[in-house]
Amino acid sequence: MVCVDDGSRDDTGDVALRAGAHSVRHPVNLGQGAAIQTGVEYARRQPGAAVFATFDADGQHRVKDVIRMIDRLAGDDVDLVIGTRFADPGVVTHTPLLKRIVLRSAALLSRRSRKLGLTDAHNGLRVFNKTVADGLNLTMNGMSHADEFIAMAYENHWRVTEEPVEILYTEYSMSKGQPLLNGVNIIFDGWLRGRMSR
Amino acid sequence: MNWIQALLIVSVLSLLVYLLRSRRNARSKAWVKVGYVLFVIAGIYAILRPDDTTIVANWLGVARGADLMEYMLIIAFVFTTLSAYMRFKDLELKYARLARAVALQTARVPEER
């Protein structure tokens, strides 16, 4: 377990270390995309690392979902398993309505998401193998990394699949969550991304 | 010569001196400097003979030289803003990589249990 402390001012890193996690601390706050990249770079240099899982540390994901996704990775010949809240339209999810509409539209509007058959690109729960971990190079520091992740999967021909997961919208995770208006930033970053030198 | 003409010429020339004296990455910025020298020549000409800009403006279907100058200023401003934004993004990425290198060097491993 690796905990990336993105320059927080409390003792998050120490608490995680005492709980048994490797603690990696950004000296300054960089954003979620940068934190994921740091965590993966740390993990992929550990000897024997084969399966990687990224998740938001606010308690919104369930361990049993991760375990099922790891099984999928081993069983179905894929490189990357992404959690989805919207696998089956019939199932009632606990995602708030407005958020659901925005997230569904984002997935439908993204050309790459459609081609890869993804329904929920902005899910923080991902499980992947060493191929993906070694190839990962997120340059969007903020919240636009989810689209960048999909774009990389598309460009590198990683085999992607989805696994239905439940998101626990606790009061804490809602308070830490991104405002929907941030979608504007994400779209803008998506346009810009093609021009970035990598 | 009007006072405003003298003032404008002095400011354009001092900008030129400032630009030519800046030494950082001289080779890659060489074309910028060439462009700036051309700009200074055209600028001084336009300051001394402002009515000539109106002739150029008329060629392009603009009534006054001053209007043409304003359009060019807007284009230049947008261009500068965008290039500054792109450079800023590049710097942000470099900064993130630097911070990441520090983070990876100072990683703490939990005690074995």
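Not measured: the values here are computed from a predicted model.

### Describing the overall build of chain B
Phase 1 of the analysis: Tallying secondary structure elements over chain B gives four helices and zero strands in all.
Phase 2 of the analysis: A compact globule built from 113 residues would reach a C-alpha radius of gyration of about 13 Å, whereas chain B, at 23 Å, exceeds it by more than 25%.
Phase 3 of the analysis: On the principal axes, the C-alpha backbone points of chain B span a range of 85 × 30 × 25 Å.
Phase 4 of the analysis: Considering only intrachain contacts with a sequence separation of at least 6, the fraction spanning at least 24 residues in chain B is 30%.

### Details of the overall build of chain A
Phase 1 of the analysis: When its secondary structure is counted, chain A shows nine helices and six strands.
Phase 2 of the analysis: Considering chain A as a whole, with its 198 residues, one finds that 37% of them fall into the buried category.
Phase 3 of the analysis: At a minimum sequence separation of 6, the contacts of chain A that also span at least 24 residues come to 70%.

### Points about the interface of chain B and chain A
For an interface, size is often stated in terms of accessible area lost upon the parts coming together.
Phase 1 of the analysis: The partner chain A presents 22 residues to the 16 residues of chain B that form the contact.
Phase 2 of the analysis: Grouping the amino acids of the side of chain B that touches chain A by side-chain chemistry returns ten nonpolar, one polar and five charged.

### Section: helix α7 (residues 145-155) of chain A
Phase 1 of the analysis: All of the buried residues along α7(A) are A:H145, A:A146, A:D147, A:E148, A:F149, A:I150 and A:A153.
Phase 2 of the analysis: Directly after α7(A), the chain includes A:H157, whose backbone phi takes a positive value near 55°.

### Re the nonpolar core
Phase 1 of the analysis: Residues A:L80, A:A153 and A:V160 are the most contacted members of the largest nonpolar core, which totals 38 residues.
Phase 2 of the analysis: The contacts of A:A153, once residues within four sequence positions are left out, are A:L80, A:L116, A:W158 and A:V160.

### A short note on the confidence of the model for chain B
Phase 1 of the analysis: On average, residues of chain B score 84 in pLDDT, and 92% of them are at 70 or above.
Phase 2 of the analysis: For this predicted complex, the interface score ipTM comes out at 0.76, alongside a pTM of 0.75.

### So, the pairing of strand β1 (residues 2-5) of chain A
Here is the key point about a regular strand: its side chains alternate between the two faces of the sheet.
Phase 1 of the analysis: The sheet contact formed by β1(A) and strand β2 (residues 22-25) of chain A spans four bridges and is parallel. By the bridge assignment for β2(A), A:V4 is matched with A:V24.

### As for the sheet that holds strand β5 (residues 126-129) of chain A
All names here are of chain A.
Phase 1 of the analysis: Sheet architecture is open: four strands sit in the order β3-β5-β4-β6, paired in mixed fashion. The open sheet has two edge strands, β3 (51-54) and β6 (160-164), and neither has a second partner. Taken over all neighbouring pairs, the strand axes of this sheet differ in orientation by 20° on average, direction set aside.
Phase 2 of the analysis: Here strand β4 (residues 80-84) runs beside β5; their pairing, made up of three bridges, is antiparallel. Looking at the pairing, L80 lines up with F128 of β5.

### Looking at the environment of B:Y36
Phase 1 of the analysis: Counting through the fold element by element, B:Y36 comes out in helix α2 (residues 30-48).
Phase 2 of the analysis: For the pair B:Y36 and B:L19, spaced 17 residues apart in sequence, the C-alpha separation works out to 8.5 Å.

### Things to note about unusual backbone geometry
Residues and elements named next belong to chain A.
Phase 1 of the analysis: At H157, a residue that is not glycine, the phi angle is positive and equals roughly 55°.
Phase 2 of the analysis: Looking at the element boundaries, H157 is found in the loop between α7 and β6.
Phase 3 of the analysis: Owing to 8 C-beta atoms within 10 Å, H157 belongs among the exposed residues under this scheme.

### So, the pairing of β5(A)
Phase 1 of the analysis: Inspection of the sheet shows β3(A) paired to β5(A) by four bridges, in the antiparallel sense. Looking across to β5(A), one finds that A:A53 is bridged to A:V127.

### Quick word on the packing of helix α3 (residues 50-59) of chain B against helix α4 (residues 65-105) of chain B
All names here are of chain B.
Phase 1 of the analysis: Interaxial distance between α3 and α4 falls to 7 Å at its minimum, and their mutual angle equals 75°. When the axes of α3 and α4 are compared, the pair comes out roughly perpendicular. Of the residues in α4, those touching α3 at P50, D51, T53, T54, V56 and A57 are G65, D67, L68 and M69.
Phase 2 of the analysis: Classifying every residue of the contact of α3 with α4 gives five nonpolar, three polar and two charged.

### Structural notes on the environment of B:D67
Residue and element names in this part refer to chain B.
Phase 1 of the analysis: Here D67 lies in helix α4.
Phase 2 of the analysis: On the basis of neighbour counts, which here come to 13 C-beta atoms within 10 Å, the residue D67 falls in the partly exposed class.
Phase 3 of the analysis: Distance from D67 to A30, taken between C-alpha atoms, is 30 Å for residues 37 residues apart in sequence.
Phase 4 of the analysis: Beyond its immediate sequence surroundings of up to four residues, D67 is in contact with A57 and V62.

### So, the packing of helix α2 (residues 32-44) of chain A against α4(B)
Phase 1 of the analysis: The interhelical angle for the contact between α2(A) and α4(B), taken along N-to-C directions, is 40°, at an axis separation of 10 Å. Judged on the interaxial angle alone, α4(B) and α2(A) are oblique. Like other packed secondary-structure pairs, α2(A) and α4(B) cross with a definite hand, here right-handed. Along the contact surface, α2(A) presents A:A34, A:Q37, A:T38, A:E41 and A:Y42, while α4(B) presents B:A96, B:R100, B:A103 and B:L104.

### Notes on the environment of A:G7
Residues and elements named next belong to chain A.
Phase 1 of the analysis: Inspection of the secondary structure puts G7 in the loop between β1 and α1 (12-18).
Phase 2 of the analysis: Assessed through the 17 C-beta atoms surrounding it within 10 Å, G7 is described here as partly exposed.
Phase 3 of the analysis: Not counting the four nearest positions on each side in its chain, G7 is found in contact with H26, P27, V28 and N29.

Conventions used here
- Residues numbered from 1 in each chain as written.
- Chains lettered and ligands numbered in written order.
- Predicted model: local features only at pLDDT ≥ 70, side-chain atom pairs only at ≥ 80, totals over all residues.
- Helix = DSSP H or I, 4+ residues; strand = E, 2+ residues; numbered from the N terminus.
- Rg over C-alpha atoms; globule rule 2.2 N^0.38 Å.
- Contact = placed C-beta atoms within 7 Å.
- Buried ≥ 20, exposed ≤ 12 C-beta atoms within 10 Å, placed from the backbone.
- Nonpolar A, V, L, I, M, F, W, Y, C, P; charged D, E, K, R; others polar.
- Core = buried A, V, L, I, M, F, W, Y, C linked by C-beta atoms within 7 Å.
- pLDDT = per-residue confidence, 0-100.
- Pairing = 2+ DSSP bridges.
- Axes fitted to C-alpha atoms, helices over the stretch in contact; angles between N-to-C directions.
- Parallel < 35°, antiparallel > 145°, perpendicular 65-115°, else oblique.
- Left-handed = near helix turned anticlockwise from the far one by under 90°.

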